[in-house]
Amino acid sequence: MNDYIIRGTAANDQVRFFAAYTKDVVETARQKHNTSPVATAALGRLLTAGAMMGSMCKNNSDVITLQIQCSGPIGGLTVTADSKANVKGYVNNPDVMLPPSKEGKLDVGKALDLGVLTVIKDIGLKEPYSGQTHLVSGEIAEDLTYYFAASEQIPTSVALGVLMNKDNTVRQAGGFIIQMMPYAEEETISKLEKKIAEFKSVTYALEHEHTPEKMMEDLLGDMDMKIYEKVPTQFHCNCSKERVEKAVISVGKDEIQSMIDDGEPIEVNCHFCNTHYHYSVDDLKRMLEEATH
C-alpha cells in the first residue's frame, strides 16, 4: 500500500476528518537520519501529523511547520509540510535510547518530557501565523489535540501511531485528525466521543489491515461519512545545491572570505534530509563575487 491521505466530512458537515497511511514516509525518514526506535516513533508521529496538516492548507504556496522544543533527551523535533502533503523533518538527537514505558511501548513521552509545541503557518501573509502551547504529555497526538483546542479553538481528536519491526525498520505508521465544526450538535459530539473512546489505537487498526478509509468507517460510518479526496503523501525535501549555495552566500562576505583563506573545500549538510553538499574553493570564490554584487 502506498502512502496517502484521505479527507472528508460526516454528520452533515458537522465533522471534518483527515486520515493517513505513512509507512514509507516514516521509513524514509528513519533511513535518512538513522534514527533510534524511539526517535523514529516520535519523528514518525510528527511527520504524519504534519502531512495531514499540510493537506489542510488552501493555497499551493502554503507551508506549515511543526516545531517541538523540549527538555527530554531527544532535544527537539522539526517538521515542515506543504499543501501537496510533501513532508520532511528531523530530530535534534536521532540516537536517543530509552527503556520501554510501563506498557512496554516506545517511551516517546519520556524522550520529549517537558516542552513547547509551536505551529507556524506561512500562508502568504506579511507575517506567518504562529501558535504555541505547552506539551501536555509529550506523546505528540495529545499535544496536538490540546494545541487545536487552545490555540485554534477547534475541538479536535488527533491519533498517531508508529509500530517498529524487530530489526528497527518501520512496520506501520499512520494517524487521523477529526475536527468538530462550530455548529456541531451536542448529540454528534457525544456520539463521536464515545466512538473515539472505544477506538483501540492507530497501530492496532493498521495491524488488522484497516486502511485509513476503514478507520474512518469504524468511527464515522453511521454518520453519513463522505470522502472527498485521496492524495498521495511522501517524504520530500526541496533542497538543492543551488538553494544551499544561497544559504552559504547569506552568511556574508567576511565569512566566505575566511573559508577561502582556509583553502579547503566545505561540506554543508541539509538538516531535513541529511544530504551533503560539497563546494570547492573555486565555488566559494564565485559565491564571494555574487555576495559582493
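Residues numbered from 1 in each chain as written. Predicted model: local features only at pLDDT ≥ 70, side-chain atom pairs only at ≥ 80, totals over all residues. Heavy atoms only, no water.

Caption draft 1: Representation of the overall build of the protein chain in the model. Counting its regular elements, the protein chain contains ten helices and 13 strands. For 293 residues, the compact-globule estimate of 2.2 N^0.38 gives 19 Å, and the protein chain sits close to it at 21 Å. Taking the principal axes of its C-alpha atoms as reference, the protein chain extends roughly 70 × 45 × 35 Å. Across the 293 residues of the protein chain, 50% fall into the buried class. The contacts in the protein chain between residues at least 6 apart in sequence include a share of 63% that link residues at least 24 apart. When the accessible area of the protein chain is evaluated, it comes to approximately 14700 Å², of which 49% is carbon and sulfur surface. (Helix = DSSP H or I, 4+ residues; strand = E, 2+ residues; numbered from the N terminus. Rg over C-alpha atoms; globule rule 2.2 N^0.38 Å. Buried < 20%, exposed > 50% of the residue type's maximum accessible area, 1.4 Å probe, protein only. Contact = heavy atoms within 4.5 Å. Areas by Shrake-Rupley, 256 points an atom, 1.4 Å probe, with all protein chains shown as cover.)

Caption draft 2: Just the sheet that holds strand β4 (residues 76–82), in detail. The mixed open sheet is built from six strands, whose spatial order is β7-β6-β3-β4-β5-β11. Every interior strand has two partners, whereas the edge strands, β7 (129–134) and β11 (234–235), have only one. Taken together, the six bridges between strand β6 (residues 115–122) and β7 define a ladder with antiparallel strand orientation. For valine 116, the partnering residue across the bridge sits in β7 and is histidine 134. Across the sheet, helix α2 (residues 37–55) touches β3 (63–70), β4, β5 (86–91), β6 and β11, and the angle it forms with β4 is around 30 degrees. Those strands touched by helix α4 (residues 141–151) are β6 and β7, and its axis lies near 120 degrees from that of β7. (Pairing = 2+ DSSP bridges. Axes fitted to C-alpha atoms, helices over the stretch in contact; angles between N-to-C directions.)

Caption draft 3: Seen up close, the pattern of salt bridges. Throughout the structure, instances matching the rule amount to 13 salt bridges. Two residues, glutamate 198 and lysine 194, come together in a salt bridge whose shortest N-O distance is 3.2 Å. Residue glutamate 198 and its partner lysine 194 are located together in helix α5 (residues 186–198), separated by four residues, close to a single helical turn. Connected through shared salt-bridge partners, Glu245, Asp283, Arg286 and Glu290 make up one network. (Salt bridge = Lys/Arg side-chain N within 4 Å of Asp/Glu carboxyl O.)

Caption draft 4: Structural context of the pairing of strand β2 (residues 15–21). Of all seven residues in β2, six are buried; the element is thus mostly enclosed. Pairing of strand β1 (residues 4–10) with β2 involves seven bridges; the strand directions are antiparallel. Paired with arginine 7 across the bridge in β2 is phenylalanine 18. The hairpin formed by β1 and β2 contains four residues between the paired strands, and alanine 11 there has a positive phi angle of roughly 50 degrees. The pairing of β2 with strand β9 (residues 170–180) spans seven bridges and is classified as antiparallel. The partner of valine 15 across the bridge, within β9, is methionine 180.

Caption draft 5: Broad picture of the packing of helix α9 (residues 253–262) against helix α10 (residues 281–292). Following both chains from N to C, one finds α9 and α10 inclined at 160 degrees, their axes separated by 9 Å at the closest point. With respect to α10, the axis of α9 lies roughly antiparallel. Our pair here, α9 against α10, has a crossing hand that is left-handed. Residue-level contacts link Lys253, Ile256, Gln257, Met259 and Ile260 of α9 to Val281, Leu284, Lys285, Met287, Leu288, Ala291 and Thr292 of α10. Residue composition of the contact of α9 with α10, grouped by class: eight nonpolar, two polar and two charged. (Parallel < 35°, antiparallel > 145°, perpendicular 65-115°, else oblique. Left-handed = near helix turned anticlockwise from the far one by under 90°. Nonpolar A, V, L, I, M, F, W, Y, C, P; charged D, E, K, R; others polar.)

Caption draft 6: Spotlight on the sheet that holds β1. Strand order across the open sheet formed by five strands is β8-β9-β2-β1-β10, with antiparallel pairing between neighbours. With partners counted over all chains shown, the strands left at the sheet margins are β8 (156–164) and β10 (226–232), one partner each. Averaged over neighbouring strand pairs, the angle between their axes works out to 10 degrees when direction is ignored. Relative to β10, β1 is paired through six bridges, and the arrangement is antiparallel. Bridge pairing links threonine 9 to lysine 226 in β10.

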